[in-house]
Amino acid sequence: MSIQDTIRETVTSNPVVLFMKGSPTFPQCGFSARAVQIIKACGIAKFAAIDVLQDPEIRQGIKEFSSWPTIPQLYIKGEFIGGSDIMTELYQNGELQKMLEGVAAE
């Protein structure tokens with residue numbers, strides 16, 4: 001299985017996926033820490049978190065998969081949402097909460 005297939009499988013088999021630096025309990029950059037805080041503020045306690053620092057193939061592969069150059073990257077129900085700046089904007093205007101409604105129950 002190619003790295004692109006692995007990434008596709010991850011984002012489609014988990015309702016919420018965050019590709020980040022570090023882990024939710026120990027983020028390795030401020031942007032990843034902010035992304036985790038935003039997800040939790042939306043009421044999502046459990047989500048798939050992929051530490052790109054553990055695998056250089058995934059770190060590069062996710063950038064190619066999404067055509068997005070930076071980490072973190074959020075996926076909801078298989079759809080790429082964006083990085084921490086976009087997440088912040090969507091959270092502030094209430095759109096991210098709407099996107100995540102009902103996801104926790106899945």
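Given the structure is predicted, the values throughout are model-derived calculations rather than measurements.

1. Focus: the overall build of the chain
Link 1 in the chain: Counting secondary structure elements, the chain contains five helices and four strands.
Link 2 in the chain: Start at the N end of the chain and walk to the C end: the helices and strands fall as α-β-α-β-α-β-β-α-α.
Link 3 in the chain: Computed over its C-alpha atoms, the radius of gyration of the chain comes to 13 Å, within 12% of the 13 Å expected for a compact globule of 106 residues.
Link 4 in the chain: Dimensions along the principal axes, computed over C-alpha positions, put the chain at roughly 35 × 25 × 25 Å.
Link 5 in the chain: Looking at the chain as a whole, 41% of its 106 residues qualify as buried.
Link 6 in the chain: Put simply, 60% of the contacts in the chain that link residues at least 6 apart link residues at least 24 apart.
Link 7 in the chain: Carbon and sulfur atoms form 51% of the exposed surface of the chain, whose accessible area is close to 5,800 Å².
Link 8 in the chain: The distance from the centre of the 9 positive side-chain charges to the centre of the 12 negative ones in the chain is 5 Å.

2. Concerning the pairing of strand β2 (residues 48-51)
Link 1 in the chain: In terms of strand pairing, strand β1 (residues 16-20) meets β2 through four bridges, oriented parallel. Along β2, the bridge assignment pairs Leu18 with Ala49.
Link 2 in the chain: Following the backbone out of β1, through helix α2 (residues 30-41) and into the adjacent parallel β2, one traces a crossover that is right-handed.

3. Some words on the nonpolar core
Link 1 in the chain: By size, the foremost hydrophobic cluster in this structure holds 18 residues, and its most contacted members are Leu18, Leu74, Leu96 and Leu100.
Link 2 in the chain: If you list the elements that add at least two residues to this core, you get β1, α2, β3 (73-76), α4 (84-92) and α5 (95-100).
Link 3 in the chain: Element by element, the count of residues in this core is highest for α2, at four residues.
Link 4 in the chain: Look past the residues within four positions of Leu74 in its chain and what remains in contact with it is Val16, Val17, Leu18, Ile39, Glu79, Phe80, Ile81, Gly82, Met87 and Leu96.
Link 5 in the chain: Counting residues in each nonpolar core, the second largest holds eleven residues, with Phe19, Ala48, Val52 and Tyr75 among its members.

4. Notes on the UniProt feature "binding site: [2Fe-2S] cluster" (unreviewed entry) in the chain
Link 1 in the chain: What UniProt calls "binding site: [2Fe-2S] cluster" (unreviewed entry) maps, in this numbering, to Cys29.
Link 2 in the chain: Tracing the sequence through the fold places Cys29 in the loop between β1 and α2.

5. Here we look at the state of the cysteines
Link 1 in the chain: What the rule picks out here adds up to zero disulfides.
Link 2 in the chain: In this structure Cys29 is not part of a disulfide, and its nearest cysteine sulfur, from Cys42, lies 18 Å away.

6. As for the pattern of salt bridges
Link 1 in the chain: On inspection of all chains with the given rule, the structure shows two salt bridges.
Link 2 in the chain: With a shortest N-O distance of 3.2 Å, Asp5 and Arg8 are connected by a salt bridge. Placement of the pair is Asp5 and Arg8 together in helix α1 (residues 3-13), with a separation of three residues, close to one helical turn.
Link 3 in the chain: For Asp5, a relative accessible area of 36% corresponds to the partly exposed category.

Thresholds applied
Each chain has its residues counted from 1, following the order in which its sequence is written. It should be noted that, the model being predicted, local features are given only for residues of pLDDT at least 70 and side-chain atom pairs only at 80 or more, the latter also being counted only at that level, while totals for whole chains, interfaces and linings use all residues. As a rule here, side-chain values cover all heavy atoms of the structure and leave hydrogens and water aside. The way it works is that DSSP assigns letters per residue, a run of H or I at least four long becomes a helix, a run of E at least two long becomes a strand, and they are numbered from the N terminus. Each radius of gyration reported is based on C-alpha atoms, and the globular scaling rule is 2.2 Å times the count of residues to the power 0.38. Burial classification: accessible surface area is computed with a 1.4 Å probe over protein chains only, and a residue below 20% of its type maximum counts as buried, one above 50% as exposed, and the rest as partly exposed. Only heavy atoms matter for contacts: two residues are in contact if any of them lie within 4.5 Å across the pair. All accessible-area figures derive from a Shrake-Rupley calculation using a 1.4 Å probe, and residue coverage is judged against the displayed protein chains alone. When charges are counted, Lys and Arg are positive and Asp and Glu negative, with His and the chain ends excluded. For this purpose, a charge sits on NZ of Lys, CZ of Arg, CG of Asp or CD of Glu. By this definition, two strands are paired if DSSP reports at least two bridges between them. Note on handedness: a crossover is taken as right-handed if, strands pointing away from the viewer, the path from the first strand over the helix to the second is clockwise. As used here, the term nonpolar core means buried Ala, Val, Leu, Ile, Met, Phe, Trp, Tyr and Cys residues forming a set that is joined through side-chain atoms within 4.5 Å. UniProt positions are given in the numbering used here, feature names are shortened, and annotations may be inferred rather than shown by experiment. Any cysteine sulfur atom paired with another within 2.5 Å is treated as part of a disulfide. Take a side-chain nitrogen of Lys or Arg and a carboxyl oxygen of Asp or Glu: if they are within 4 Å of each other, that pair is a salt bridge.

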